[in-house]
Amino acid sequence: MVDNKHQWKAWLYLAPAIVLLLVFTVWPIINTLLMAFQNGYSANLALAGKTFSFGIENFRKVLSYKRFTDCLFNTMILCVATVPISTMLALLIAVALNSIKPLQRTLQTIFFLPYVTNSIAIGMVFAAMFNIIGLRPDGAMADTWGIINNVIMFFGGEPVNWMNAGSGYWPNIVVMVVYIVWNALPFKILVLLGGLQSINKQYYDAAKVDGTPRRRVFSKITVPLLSPMIAYVVITGFIGGFKEYSSIVGVFGETMGPVHDAGRLNTMVGFIYDSLNTRAHGTASAAALILFLIILAVTMVNLQVSKKRVHF
Amino acid sequence: MKVVLQNLTKIFPSRDKKSGKEVVAVNDFTFEIPDGKLIGLLGPSGCGKSTTLYMISGLQKPTSGKIFFGEDDVTELSTENRGIGLVFQNYALYPHMTVKQNILFPLENLKGADRLTKEEMLKRAHDAAALVQIDDLMDRKPNELSGGQQQRVAIARALVKMPRVLLLDEPLSNLDARLRLQTREEIRRIQKETGITTVFVTHDQEEAMSISDMIVVMKLGVLQQIGKPQDVYDDPVNLFVAKFLGTPPINVLEGEVKGGKVCIGGAAVAEAPGVADQPVYIGIRPEGFELDANGALECKLSNVEVMGRDVSIVSTHESSVNPVIRSIIDADYAIDREAETVRYNIKPHKLFVFNKETEERIYF
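The structure presented is a predicted model; accordingly, all values stated were derived computationally and were not measured. (Residues numbered from 1 in each chain as written. Chains lettered and ligands numbered in written order. Predicted model: local features only at pLDDT ≥ 70, side-chain atom pairs only at ≥ 80, totals over all residues. Heavy atoms only, no water.)

Enquirer: I keep staring at the overall build of chain A and nothing clicks. Help me out?
Expert: The helix and strand inventory of chain A stands at 13 helices and two strands. Over its C-alpha trace chain A gives a radius of gyration of 24 Å, far above what one expects of a compact globule, namely 20 Å for 312 residues. Based on the C-alpha atoms only, the size of chain A along its principal axes is roughly 80 × 75 × 35 Å. In chain A, buried positions account for 38% of the 312 residues. Put simply, chain A shows about 17,800 Å² of open surface, and 69% of that area lies on carbon and sulfur atoms. Positive and negative side-chain charges in chain A, numbering 23 and 12 respectively, have mean positions lying 13 Å apart. (Helix = DSSP H or I, 4+ residues; strand = E, 2+ residues; numbered from the N terminus. Rg over C-alpha atoms; globule rule 2.2 N^0.38 Å. Buried < 20%, exposed > 50% of the residue type's maximum accessible area, 1.4 Å probe, protein only. Areas by Shrake-Rupley, 256 points an atom, 1.4 Å probe, with all protein chains shown as cover. Lys, Arg positive; Asp, Glu negative; His and termini not counted. Charge placed at Lys NZ, Arg CZ, Asp CG, Glu CD.)

And the structure:
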């Protein structure tokens, strides 16, 4: 404990952090709450002297918007699809990486590269890979087929309009899922690999003495002993998934969808952002609170499940 | 099942590629473990005893040499096909499984004709648990058990598949002193009841001496001596073995053999017929001293420690290699604690003479 006489020193050292947190985290949270519960609140009108009545009008409005429910649906789909896929893939890659000796460091670095690469840049690369249209050398538009369609055609399949004008909703989602999974892998691999390397090697020796088949070692020893890391990766994965926004911008640009249907792939965060742009601060705050409650609920469920499944 | 180790050698490549110095962990080790005996592999850390154990288990491959179980050459056989039970130093119990699941685990791995029915498995698990007296803890997780209980679970897990050979790596090192005494008796009992050939590794000579049928003393990968504990104690082949066995440890003095007599600082303390004159190390067990006012060996008395049954006399002598000479004398002797010096006669069979260069025993 800090001596009473010297407590002011402790406060002094903490002051910069506390002040910043109060100004940029605590106050915005309170302010969001206040704005959300003032019917039709707009900061611009408030500055002009207008007052707003308290109520839940903002929430009612948000939930009645088709655009909002679409955003919610997109976000949910992306979460539900990407978190299990990326976790599973990351687990397999981490186990594989952990079991090889030569080039382990090099491969680790390669797998970690996406993490330090700008997500907009990666998005543009993905857009190019899934593209079907390009410019001919003479400047005319032409089908050039991105690498994905080229591979599909190489194996005799029909090219798919993934994301250009006229593309369908589900191909768009596939592009986003692939992109998000790929983008989410490095961090997950890193966490899981760290977890794997901290598992005592004697458990594997013991399993070997007992003649445990490899699949059983994986399912009965590796996964349970890794369960805290897996839980961590899943929980943070869901939280990240609900905040998905920049990845859509990265692949589809600010239209948040193919050109013929702008905003089709918009997400919760995108909706909040758009609301702020139209000066509907009350609506944005209400949407932000709804997003917060959803993340909270999902995380609680995750924690409950992991309480039963995580073995430490 | 007898276990035969034939010219077993294990060389670890050097970690540092530049210096290129390899480590010979076990060097040309030949030894036969008789069927149904309890064997203690004994030596200071780094002597290769654990490596030897892991080579018997198959978790480590010998660089050269052969291992036989009975008549079968198992050198190339993988661990799971050797039919061994291994108890790890820190037990390696699966933390996420209950005691029962831990013990059942090896049985659930069996395939084909070896596969037991669920009932048989449960029965075997319960028998193993009963043998080590943990049958009332079956639904606990390892972290809810004491060290001694975890140890028992580990032994039960090793025994449940009825191994041909049971291997224990430092089985007592993670237990407190009291539990250690209790557990070593327990290991002895379990080994006797099952009759499984058992090899255990320890650096604690007392532990090895007290329960082993035979002890194997190792130093820097080289076998020093094999024998019944009492035989090795009474008849060490070199200074290392003499020093390693016994508590309190043997007293080592510098001296010489001159004219067929063993002399310490000029005083003849024992006969050594037929031994050429030479400087030697002389080892005297603490119980090898007899108080005698006219004794040959005179030491400066520094302390008398009463231990009840015996008395331990701490004295010094300028030829002593150790800081003090410790003797253990029957408490019936009257000892003058105020005296400046104490004189001893040495019991001839408690005195060993070693070559000063090679530290090998000089027999006479």
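Enquirer: Looking at this structure, I do not really get the sheet that holds strand 14 (residues 278-284) of chain B. What am I missing?
Expert: Sheet strands pair via backbone hydrogen bonds, and the direction of the pair is either parallel or antiparallel. All names here are of chain B. Here we have six strands laid out as an open sheet, ordered 13-12-11-14-20-21, and antiparallel in their pairing. Either end of the sheet is taken by a strand with one partner, and the two such strands are strand 13 (267-271) and strand 21 (361-362). The pairing of strand 11 (residues 251-258) with strand 14 spans seven bridges and is antiparallel. Among the inter-strand pairings, Val-257 is bridged to a residue of strand 14, identified as Gln-278. (Pairing = 2+ DSSP bridges.)

Enquirer: When you look at the interface of chain B and chain A in this model, what are you seeing that I'm missing?
Expert: Many structure descriptions define interface size as the accessible area lost when the parts assemble. Tallying the contact residues gives 21 residues for chain B and 19 residues for chain A. Across the interface of chain B and chain A, roughly 1,800 Å² is buried in total on both sides, 58% from carbon and sulfur atoms. Considering only the side of chain B, the residues that lose the most area to chain A are B:Tyr94, B:His96 and B:Asn109, jointly responsible for 30% of the buried surface there. For the pair chain B and chain A, the interface holds two salt bridges. Between B:Glu108 and A:Arg216 there is a salt bridge; the shortest N-O distance is 3.0 Å. Secondary structure elements with two or more residues in the side of chain B that touches chain A: strand 6 (84-87) and helix 2 (99-108) of chain B. Among the elements that make up the side of chain B that touches chain A, the one with the highest residue count is helix 2 of chain B (three residues). Each residue belonging to the side of chain B that touches chain A can be placed in one class, and the counts come to 12 nonpolar, four polar and five charged. (Contact = heavy atoms within 4.5 Å. Buried area = accessible area lost by both parts, 1.4 Å probe. Salt bridge = Lys/Arg side-chain N within 4 Å of Asp/Glu carboxyl O. Nonpolar A, V, L, I, M, F, W, Y, C, P; charged D, E, K, R; others polar.)

Enquirer: Looking at this structure, how should I read the packing of helix 4 (residues 147-159) of chain B against helix 5 (residues 177-194) of chain B?
Expert: When two helices pack together, their arrangement is given by the angle between the helix axes and the distance between those axes. Residue and element names in this part refer to chain B. The contact between helix 4 and helix 5 brings their axes to 11 Å, and the two run at 15°. Here helix 4 is positioned roughly parallel relative to helix 5, judged by the angle of their axes. For the pair helix 4 and helix 5, the sense of crossing is right-handed. Each of Gly-148, Gln-151, Arg-152, Ile-155 and Leu-159 in helix 4 lies in contact with helix 5, whose residues at this interface are Leu-179, Gln-182, Thr-183, Glu-186, Ile-187 and Ile-190. (Axes fitted to C-alpha atoms, helices over the stretch in contact; angles between N-to-C directions. Parallel < 35°, antiparallel > 145°, perpendicular 65-115°, else oblique. Left-handed = near helix turned anticlockwise from the far one by under 90°.)

Enquirer: Where do I start with the pattern of salt bridges in this structure?
Expert: Pairing of side chains with opposite charge becomes possible as their charged atoms draw close. Residues and elements named next belong to chain B. Summed over the entire model, instances satisfying the criterion amount to 25 salt bridges over all chains. For Arg-309, the salt bridge is made with Asp-310, and the minimal N-O distance between the two is 3.6 Å. On the basis of relative accessibility, which here comes to 68%, the residue Arg-309 falls in the exposed class. Through salt bridges with shared partners, a single network forms among Arg-152, Glu-186, Arg-189 and Glu-193.

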